[in-house]
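# A look at the structure
Given next are the chains, with one letter for each unit.
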Amino acid sequence: MANPPEYLTSLFTSYAAEPAETRPFVTLTFAQSLDGKIAGAGGKQLPLSGPESMLMTHWLRTLHDGILVGSGTALNDNPQLNTRLLPPAPADAPDRNPRPIIIDSRLRLPPTCKLLNNYKAGTGRQPWVVSSEPSQRDAEWEARRDALTAAGARVLLLPEHSSAARIPALLTLLRAEGIRTLMVEGGAAVISAFGACATTCVNTILITTAPRLVGAAGVGYEMPEQDDEHGFHTVETRLVGRDSVVALRRDA
Ligand SMILES: NC(=O)C1=CN([C@@H]2O[C@H](COP(=O)(O)OP(=O)(O)OC[C@H]3O[C@@H](n4cnc5c(N)ncnc54)[C@H](OP(=O)(O)O)[C@@H]3O)[C@@H](O)[C@H]2O)C=CC1
Ligand SMILES: Nc1nc(O)c(N)c(N[C@@H]2O[C@H](COP(=O)(O)O)[C@@H](O)[C@H]2O)n1
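Residues numbered from 1 in each chain as written. Chains lettered and ligands numbered in written order. Predicted model: local features only at pLDDT ≥ 70, side-chain atom pairs only at ≥ 80, totals over all residues. Heavy atoms only, no water.

## Considerations on the site of ligand 1
The environment of ligand 1 is made up of 26 residues, and the closest members are Ala31, Gly43, Thr73, Ser105 and Gly187. In the model, a nitrogen atom of ligand 1 is placed 2.8 Å from a nitrogen or oxygen of the alanine 31 main chain. One nitrogen or oxygen atom from the main chain of alanine 188 is found 3.1 Å from an oxygen atom belonging to ligand 1. When ligand 1 sits alone it has 920 Å² of accessible area, and the protein chains cover 82% of it. Listing elements by their share of the shell around ligand 1, those giving two or more residues are strand E1 (25-32), helix H3 (71-77), helix H6 (163-176), strand E6 (181-186) and helix H7 (188-196). No other element matches the 5 residues that H3 contributes to the shell around ligand 1. (Near = heavy atom within 4 Å. Polar contact = N/O pair within 3.5 Å; in protein donor to acceptor, adjacent residues only side chain to side chain. Areas by Shrake-Rupley, 256 points an atom, 1.4 Å probe, with all protein chains shown as cover. Helix = DSSP H or I, 4+ residues; strand = E, 2+ residues; numbered from the N terminus.)

## Observations concerning the pairing of strand E9 (residues 243-250)
Here E9 lies mainly inside the structure; 6 of its 8 residues are buried. Across 6 bridges, strand E7 (residues 204-209) lies against E9 in antiparallel orientation. Bridge pairing in E9 links threonine 208 to valine 245. Alignment of strand E8 (residues 232-240) against E9, held across 8 bridges, turns out to be antiparallel. Counted as the bridge partner of leucine 239 is serine 244 from E9. (Buried < 20%, exposed > 50% of the residue type's maximum accessible area, 1.4 Å probe, protein only. Pairing = 2+ DSSP bridges.)

## Remarks on the side chain of threonine 73
Mapped onto the fold, threonine 73 is located in helix H3. For threonine 73, a relative accessible area of 17% corresponds to the buried category. Here threonine 73 is in contact with Asn78, Pro79, Gly186 and Gly187, once residues within four sequence places are set aside. (Contact = heavy atoms within 4.5 Å.)

## Observations concerning the packing of aromatic side chains
Scanning the entire structure with this criterion turns up 1 aromatic pair. Both rings, one in phenylalanine 30 and one in tyrosine 221, keep their centres 4.7 Å apart while their planes meet at 65 degrees; by these two values the pair is edge-to-face. Of this pair, phenylalanine 30 sits in strand E1 while tyrosine 221 sits in the loop between E7 and E8; the two residues are 191 residues apart in sequence, bridging distant segments of the chain. Residue placement shows arginine 154 over the ring face of tryptophan 128; its charged tip is 4.9 Å from the ring centre. Sitting over the face of the ring of tyrosine 7, arginine 238 holds its NZ or CZ atom 4.0 Å from the ring centroid. (Phe/Tyr/Trp six-rings, centres within 6.5 Å; stacked < 30°, edge-to-face > 60°. Lys NZ or Arg CZ within 6 Å of the ring centre and 35° of its normal.)

## Details of the pattern of salt bridges
Any two side chains of opposite charge can pair if their charged atoms end up close together. Per the stated rule, a full pass over the model turns up 8 salt bridges. For arginine 154, the salt bridge goes to glutamate 177, with nearest N and O atoms at 2.9 Å. Taken as a pair, arginine 154 in strand E5 (residues 154-157) and glutamate 177 in the loop between H6 and E6 lie far apart in primary sequence, 23 residues in all. Given a relative accessible area of 30%, arginine 154 falls into the partly exposed group. Where arginine 242 meets aspartate 243, a salt bridge forms, and the shortest distance between an N and an O atom there is 2.9 Å. Note on arginine 242: relative accessible area 44%, which makes it partly exposed. Classification of aspartate 243 by relative accessible area gives buried; the value is 0%. (Salt bridge = Lys/Arg side-chain N within 4 Å of Asp/Glu carboxyl O.)

## Observations concerning the environment of glycine 241
Looking at the secondary structure, you find glycine 241 in the loop between E8 and E9. With 94 residues separating them in the primary sequence, glycine 241 and alanine 147 have C-alpha atoms 42 Å apart.

Shown next as structure tokens:
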């Protein structure tokens, strides 16, 4: 397959027709177990997605300008967030990788992480690290900023906001920096934070559910009750390999 599957692209076709927005279109997406866990005990990273739905996730990545994770995921998983599982694109094709964006107030992302190594190797875009708490900015923070910048990252500053205003402010900043479409992959705290403002900040929720049970010690997340009046509606339900994939869209 040389292009993303039609059932994915059709989720986003209306975006192109929308007028200029002040925030990116946001897709909140992750893989979970049947009992609603996204990681194992102690945050152990789990291969929940089967090969087919993992491939789908990489196609989904190609449909977004940016891909966002929290510092917890960046430190725990050392992710790559690129599209390396896809068949090679023609040499003259535009870069299909989304820009990795890490929310990391304390700038704990290691300069030796895979995201920065991939950028240097040409297998990923330059990571942006967003620091949002001025109170963290001391000599140590400045040294970490300098080390990350030297390693190739771009460090962006987000003015301090209340907890409820932080995600909207982040989205406004990213749109001003050219991110029109944003895929939010996690982890638990970030999913919960986007979930809490989903009716204004999230356009699409796409959840892959793997047929396994992780147990009570696994890492879960919080979502508000679905409110049909404020419009998240199921627009796709399908089996991808052994996993079920459900997509919800918020009404415009
Ligand atoms: N199954 C799946 O699809 C996925 C699973 N995971 C799993 O999730 C786990 C990591 O989750 P978790 O530890 O919760 O870490 P997160 O990746 O959610 O990162 C949390 C951090 O993000 C920063 N942050 C900035 N703004 C906010 C905000 N408004 N709300 C919340 N956090 C904010 C904070 O860091 P700071 O103070 O540094 O700014 C916070 O500590 C791992 O076990 C990983 O394997 C992760 C992604 C997908
Ligand atoms: N779609 C999906 N399925 C799983 O089973 C997962 N564990 C995840 N995790 C997310 O993907 C990141 C890893 O990405 P790379 O393989 O390194 O590109 C991980 O950090 C989570 O964000 N996703």
